[in-house]
Amino acid sequence: MNRMRVVVKVGLAGLLLATLSGCQSAAPKPPDADKLSSSEVESIYEQDIATFRASLLSAYPDAVIPEASRVRFVDLQEWPIVFSDCMTSEGFEAHPSDDGGVKFGTIPEAQAEAQNIANFVCKVKYPVHPQLQVPLTDPQLAYLYWYFKNDLGPCLEKAGIEVPEAPSESVFVENYAVNGGWNIYKNAVKLTGDAWVEINDKCPQLPPALYPDMG
């Protein structure tokens, strides 16, 4: 059974595992995950861009959309930084937000169309890799739960962040598509942008073996 992946806090990648003290259960073997073919990757990317374009033209039928091409795919943890830099270069200052997203300054209503066009251009240039959009299987979710409970949670606590009580594995798997299964970052929402990047370097949001190699 597949379930849609919900990004816990996008922000994104360092893959250093925290050194944990004390006793803990042995790490399970990473589940097998089907790797998308290159043609599947391109198909998903092109479909996403077509959807973005249609949405933009629905809101602004007379919009003049500049030509843009993909620079590279990005992963979940680097996306806010890369996307913010792209939007800023397009003339709309943006910064990674404390919750791992992207925040913008206030702009005049007259610039809304231009900002949405810039948003489209940056989505074309720096899309999240399609492999990261594939629904996670239940075995992958069970592996993610183990990582949250035995690696990520203790790492966050070691960094001084209080971690909410873990749900059962069955509740985590059942609720993942709705609310991420377990809001492990509930008490980290006040981190500044730099602190958010630092904590993700120390305590990666996702285990590196969750997805197949995208190289």
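For the structure itself, look to the data block above.
Residues numbered from 1 in each chain as written. Predicted model: local features only at pLDDT ≥ 70, side-chain atom pairs only at ≥ 80, totals over all residues. Heavy atoms only, no water.

As for its position among the elements, glutamate 165 is in the loop between helix H4 (138–158) and helix H5 (169–179). Separated by 17 residues in the primary sequence, glutamate 165 and tryptophan 182 have C-alpha atoms spaced 8.7 Å apart. (Helix = DSSP H or I, 4+ residues; strand = E, 2+ residues; numbered from the N terminus.)

With the rule as written, the count across this model stands at two disulfides. Put simply, cysteine 86 and cysteine 122 are joined by a disulfide, and their sulfur atoms are 2.1 Å apart. Every disulfide takes its handedness from the sign of the S-S torsion; for cysteine 86 and cysteine 122 that torsion is -90°, giving left-handed. With cysteine 86 in helix H2 (residues 79–89) and cysteine 122 in helix H3 (residues 112–125), this pair connects stretches of sequence that are 36 residues apart. For cysteine 86, a relative accessible area of 5% gives the class buried. Note on cysteine connectivity: cysteine 155 is disulfide-linked to cysteine 203, with sulfurs 2.0 Å apart. Taking the sign of the S-S torsion, about -75° here, the bridge from cysteine 155 to cysteine 203 comes out left-handed. Of the two residues, cysteine 155 is situated in helix H4 and cysteine 203 in the segment after helix H6 (193–202); the sequence distance between them amounts to 48 residues. Note on accessibility: cysteine 155 and cysteine 203 belong to one class, buried. (Disulfide = S-S within 2.5 Å. Buried < 20%, exposed > 50% of the residue type's maximum accessible area, 1.4 Å probe, protein only.)

The values reported here are purely geometric and, on their own, carry no functional implication.
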